[in-house]
Amino acid sequence: TGALTSAAFAGDVTGDVTGQLTAQNIQVGVTGTNEIDTTSGGLTLDSASGTVTVDDNLIVSGNFTVNGTTTTINSTTLTVDDKNIVLASGAASQIEADGAGITVDGASATLTYARVGDKWAFNKPIDVTGTGTFSGNVGASHVNVTNSLQAVTVNATTAVTGAAGTFSGNVT
């Protein structure tokens, strides 16, 4: 009980501290109860075992940067407020961005960027419910039409069967 004050203290301090503790530039309980602050520069948490665990909720009030090769999020719901997610950040060319995309584990479903053809590649069928608008060169191996098609050009090697839709161009 009492105060321990020293301009320079070397050695270990063991025991419970009630109130404020300042060690070099690290302060505990100075700006708020249960806060760790630094009076200069950043604060680094380091662990001899290589793992720092936060055993409760963690709220980051500023920017959050993760440096490493793998980031794993073990969560059942991931919510992102941003309207845009950047994949292959820092890629200087299509070659470096080739293969960037989204994978659904367990289903082996992927949506990836393919540099050859400068396109998005799906490895599973796309099921469109509602109205879809497609422009440019649209290729398909099987199309079900429930309403009408307008301004369709089919190349001469494609077989067109069924009565649904209106076709124009080279239809055989």
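Novice: Sorry, what's going on with the overall build of the protein here?
Specialist: Across its full length, the protein carries 1 helix and 6 strands. Each helix and strand of the protein, placed in order from N terminus to C terminus, yields the pattern β-β-β-α-β-β-β. Relative to its full complement of 172 residues, the protein shows a buried share of 7%. Long-range pairs, those at least 24 residues apart, make up 1% of the contacts in the protein with a sequence separation of at least 6.

Novice: Can you help me understand the sheet that holds strand β5 (residues 109-114) in this one?
Specialist: Within a sheet, each strand pairs with its neighbour through backbone hydrogen bonds, oriented either parallel or antiparallel. Here we have 3 strands laid out as an open sheet, ordered β4-β5-β6, and antiparallel in their pairing. Looking at the sheet topology across the chains shown, the edges are occupied by β4 (101-104) and β6 (119-122). Neighbouring strand axes in the sheet, compared pairwise and without regard to direction, differ in orientation by 15° on average. As defined by bridge partners, β4 adjoins β5 across 4 bridges and the pair is classed as antiparallel. By the bridge assignment, T103 is partnered in β5 with T110.

Novice: In this structure, what is going on with unusual backbone geometry? I would like to understand it.
Specialist: Outside of glycine, negative phi angles account for most residues, and trans bonds account for most peptide bonds. A positive phi angle, near 60°, is found at A88, a position not held by glycine. Note that A88 resides in the loop between β3 (36-38) and α1 (94-97). The partly exposed category is assigned to A88, whose relative accessible area is 33%.

Novice: Would you take a moment to explain the packing of aromatic side chains for this structure?
Specialist: Two descriptors summarise a pair of aromatic rings, namely the distance from one centre to the other and the angle between the planes of the rings. One pass over the structure, following the stated rule, counts 1 aromatic pair. Ring geometry for Y113 and W120: centres 6.2 Å apart, planes at 80°, overall edge-to-face. Judged by relative accessible area, which is 13%, Y113 ranks as buried. Given a relative accessible area of 51%, W120 falls into the exposed group.

Novice: What is the right way to look at a nonpolar patch on the surface in this model?
Specialist: A contiguous nonpolar patch, built from I73, L78, V80, I85, L87 and I102 and spanning about 610 Å² of accessible area, is present on the exposed surface. Position of V80 relative to the elements: it lies in the loop between β3 and α1. Take V80: its relative accessible area is 45%, and that puts it in the partly exposed class.

Novice: Explanation requested: the confidence of the model for the protein in the structure shown.
Specialist: When pLDDT is low, close inspection of the predicted coordinates is not appropriate. The predicted model of the protein has a mean per-residue pLDDT of 77, with 61% of residues at 70 or higher. The low-confidence segment residues 164-172 (pLDDT under 50) makes 24 contacts with residues lying over four places distant or belonging to another chain.

Conventions used here
In this numbering scheme, every chain counts its residues from 1 along its sequence in written order. Confidence filtering applies because this is a predicted model: local features only for residues at pLDDT of at least 70, side-chain atom pairs given and counted only at 80 or more, and all residues used for totals across whole chains, interfaces and linings. Side-chain metrics rest on all non-hydrogen atoms present in the structure, leaving aside hydrogens and water. Helix numbering and strand numbering both begin at the N terminus, where a helix is a DSSP run of H or I of at least 4 residues and a strand a DSSP run of E of at least 2. The buried label goes to any residue with under 20% of its type's maximum accessible area, the exposed label to any with over 50%, and the partly exposed label to all in between, with areas taken from a 1.4 Å probe on protein chains only. Any two residues having at least one pair of non-hydrogen atoms within 4.5 Å are treated as being in contact. DSSP-based pairing: two strands are paired if at least 2 bridges between them are found. Here, axes are lines fitted to C-alpha atoms. For helices the fit covers the stretch in contact, and angles between N-to-C directions go from 0 to 180 degrees. When the centres of two rings from Phe, Tyr and Trp lie within 6.5 Å, Trp using its six-membered ring, the rings pair. Their planes under 30 degrees apart give stacked, over 60 give edge-to-face, and anything left gives tilted. The patches described consist of residues with a relative accessible area above 30% and no salt bridge, like charges being joined within 9 Å and nonpolar side chains (Val, Leu, Ile, Met, Phe, Trp, Tyr) within 5 Å. Per-residue and other accessible areas were derived by the Shrake-Rupley procedure at a 1.4 Å probe size, with only the shown protein chains allowed to occlude residues. Put simply, a salt bridge is a Lys or Arg side-chain nitrogen that is within 4 Å of an Asp or Glu carboxyl oxygen. The predictor attaches a confidence to each residue, and that confidence, scored 0 to 100, is pLDDT.

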